Amino acid sequence: MTQRLGIIGYPIGHSISPIFQQAGLDHLGIDATYEKWEVTPEGVGDFVAGLRAPGTLGINITVPHKQAVIPFLDEVDEWATAAGAVNTIVNHDGHLTGHNTDGPGFLRALLVETGYDPSCTRALILGAGGAARGILLALVRGGVDSLVIANRTLERAETLAQLSSDNGVGSEAISLSGDALTEAAASANLIVNCTTMGMSHGPDEHGSPISAAQIPATAIVNDVVYTPLLTPILKEAAAAGATALGGLHMLVYQGVLSFQMWTGVDAPVDVMLAAATAEMTSRGA
Ligand SMILES: NC(=O)c1ccc[n+]([C@@H]2O[C@H](COP(=O)([O-])OP(=O)(O)OC[C@H]3O[C@@H](n4cnc5c(N)ncnc54)[C@H](OP(=O)(O)O)[C@@H]3O)[C@@H](O)[C@H]2O)c1
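Residues numbered from 1 in each chain as written. Predicted model: local features only at pLDDT ≥ 70, side-chain atom pairs only at ≥ 80, totals over all residues. Heavy atoms only, no water.

(A) Spatial organisation of the overall build of the protein chain. Across its full length, the protein chain carries 10 helices and 12 strands. Here the C-alpha atoms of the protein chain give a radius of gyration of 19 Å, agreeing with the 19 Å that 2.2 N^0.38 yields for 285 residues. Along the first, second and third principal axes, the C-alpha set of the protein chain runs to 60 × 40 × 35 Å. Counting across all 285 residues of the protein chain, residues that qualify as buried make up 52%. Sequence separation of at least 24 residues holds for 67% of the intrachain contacts in the protein chain that already meet a minimum separation of 6. As displayed, the protein chain offers around 12000 Å² of accessible surface, 53% of which is attributable to carbon and sulfur atoms. Across the protein chain, the mean location of the 12 positive side-chain charges is 3 Å away from that of the 28 negative side-chain charges. (Helix = DSSP H or I, 4+ residues; strand = E, 2+ residues; numbered from the N terminus. Rg over C-alpha atoms; globule rule 2.2 N^0.38 Å. Buried < 20%, exposed > 50% of the residue type's maximum accessible area, 1.4 Å probe, protein only. Contact = heavy atoms within 4.5 Å. Areas by Shrake-Rupley, 256 points an atom, 1.4 Å probe, with all protein chains shown as cover. Lys, Arg positive; Asp, Glu negative; His and termini not counted. Charge placed at Lys NZ, Arg CZ, Asp CG, Glu CD.)

(B) Structural context of the sheet that holds strand 11 (residues 220-223). Read across the sheet, six strands follow the order 9-8-7-10-11-12 without closing on themselves; strand pairing throughout is parallel. In this open sheet, the two edge strands, each paired with only one partner strand, are strand 9 (170-175) and strand 12 (243-245). Within this sheet the neighbouring strands show an average axis-to-axis angle of 15 degrees, counted without direction. Direction of pairing for strand 8 (residues 146-151) relative to strand 9: parallel, over a ladder of six bridges. When the bridges of strand 9 are listed, S146 appears paired with G170. In this fold helix 8 (residues 232-240) packs onto strand 7 (122-126), strand 10 (190-193), strand 11 and strand 12, with an angle of close to 170 degrees to the strand it touches most, strand 11. (Pairing = 2+ DSSP bridges. Axes fitted to C-alpha atoms, helices over the stretch in contact; angles between N-to-C directions.)

(C) Broad picture of the sheet that holds strand 1 (residues 3-9). Strand order in the open sheet formed by six strands is 2-1-3-5-6-4, with mixed pairing between adjacent strands. The outermost strands of the open sheet, each flanked by one partner alone, are strand 2 (32-38) and strand 4 (75-76). Alignment of strand 1 against strand 2, held across seven bridges, turns out to be parallel. Its bridge partner lying in strand 2, Q3 is registered against A32. Along the sheet, helix 1 (residues 17-27) contacts strand 1, strand 2 and strand 3 (56-61); its crossing angle with strand 2, the most-contacted strand, is approximately 170 degrees.

(D) A look at the packing of aromatic side chains. Going through the model one piece at a time under the given rule, you end up with two aromatic pairs. Judged by centre distance (6.0 Å) and plane angle (50 degrees), the rings of Y34 and W262 are tilted. Placement of Y34 in strand 2 and of W262 in helix 9 (residues 247-263) is noted, with a sequence separation of 228 residues between them. According to the relative accessible area criterion, Y34 is buried, its value standing at 5%. For W262, a relative accessible area of 7% corresponds to the buried category. Ring geometry for W37 versus F47: centroids 5.3 Å apart, planes at 55 degrees, classification tilted. (Phe/Tyr/Trp six-rings, centres within 6.5 Å; stacked < 30°, edge-to-face > 60°.)

(E) View of helix 7 (residues 179-186). Considered for burial, the residues of helix 7 that qualify are L181, A184 and A185. All buried residues of helix 7 project into a common sector of 100 degrees when viewed along the axis, lining one side. Pointing more than 90 degrees away from the buried face of helix 7 are the exposed residues D179, E183 and A186. Buried residues along helix 7 sit in contact with strand 7, strand 8, strand 9 and strand 10. (Arc of directions from axis to C-beta.)

(F) How the structure looks around the site of the ligand. In the vicinity of the ligand there are 23 residues, among which A131, N151, T153, R156 and V224 approach most closely. One of the side-chain nitrogen or oxygen atoms of R156 is found 2.7 Å away from an oxygen atom of the ligand. Put simply, the parts of the chain that give the shell around the ligand at least two residues each are helix 5 (130-141) and helix 9. If one sorts the elements of the shell around the ligand by residue count, helix 9 sits on top with three residues. Here the residues of the shell around the ligand sort into 12 nonpolar, eight polar and three charged. (Near = heavy atom within 4 Å. Polar contact = N/O pair within 3.5 Å; in protein donor to acceptor, adjacent residues only side chain to side chain. Nonpolar A, V, L, I, M, F, W, Y, C, P; charged D, E, K, R; others polar.)

(G) A look at the nonpolar core. With 54 residues, the main nonpolar core has F106, I125, I135, L136, L139, L147 and L190 as its most contacted residues. Split by domain, this core shows at least three residues from each of two domains, domain 1 (3-100 + 249-282) and domain 2 (104-245). When neighbours within four sequence positions are excluded, L147 is seen to be in contact with A123, I125, L136, L139, V140, S164, V169, G170, S171 and E172. Counting residues in each nonpolar core, the second largest holds 20 residues, with I174, A188, A219 and I233 among its members. (Core = buried A, V, L, I, M, F, W, Y, C linked by side-chain atoms within 4.5 Å. Domains from an automatic or database assignment.)

Below, the structure is given as structure tokens:
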């Protein structure tokens, strides 16, 4: 029997998960199809209940349903509990477990692609929205030494700094401009852009939250934005001689970890990354 996988969201048309997940399944000869389903907020409970059927391996969940699925699950793992959000559901004989591979995928992408290990490092997070929160928790769980959170709206940075302190990691909240930002960047081992600056069709699609002059050559700069593939901050990082990693890697690696949970086998990362990159390129990213 062909097994069933997929992703739910609202809307869902933009998702490239079906492209790279199907490429991975086909490469390994796994008899499964990965679809995308647009599920309204009212329909989440019924949809999740239907996942208990034989032949359904599980699903990914994207915005806005990552919290909404939780009450309909039998179990939620440690990462998902810490994040307060589920991006992967695994169906095992009708028992549904919720996981969150966003944080682990972010860390895995950095480790594999740049060799970065958060322990004993200082990280600068640019932005304080949903992505920044998940990345902060991943860095905290990964053993980061200290954090600076820089955001246009200072109060939101302060909320995340408090979350960091509550989890035992010293942190500072600053504005996304001025001397404090320059100083924080100068001593950062990792700089992560979690703002929407630089995102195609976003509020400031040509903007970078930080310039080449502020980026140390020894730093790793990771943008979570992946449209376009080469974002303004990645260009600034390259000009500074720093190591630069785009957001597509994080997206694919979270999917790689989900793939392994559903199938029990190692995902063909290179195949999935190549499929995702080709799809983004064909979309003009
Ligand atoms: N690669 C991946 O797998 C992955 C995963 C998740 C998200 N993402 C991407 O991450 C980005 C952020 O997503 P999110 O869910 O965190 O969004 P969000 O919750 O809406 O947060 C947006 C952040 O961007 C800041 N911002 C927006 N416009 C700005 C501007 N003109 N100047 C300076 N700062 C500005 C906001 O600052 P204020 O607080 O001041 O408004 C806030 O910190 C999106 O591009 C999303 O696609 C990628």
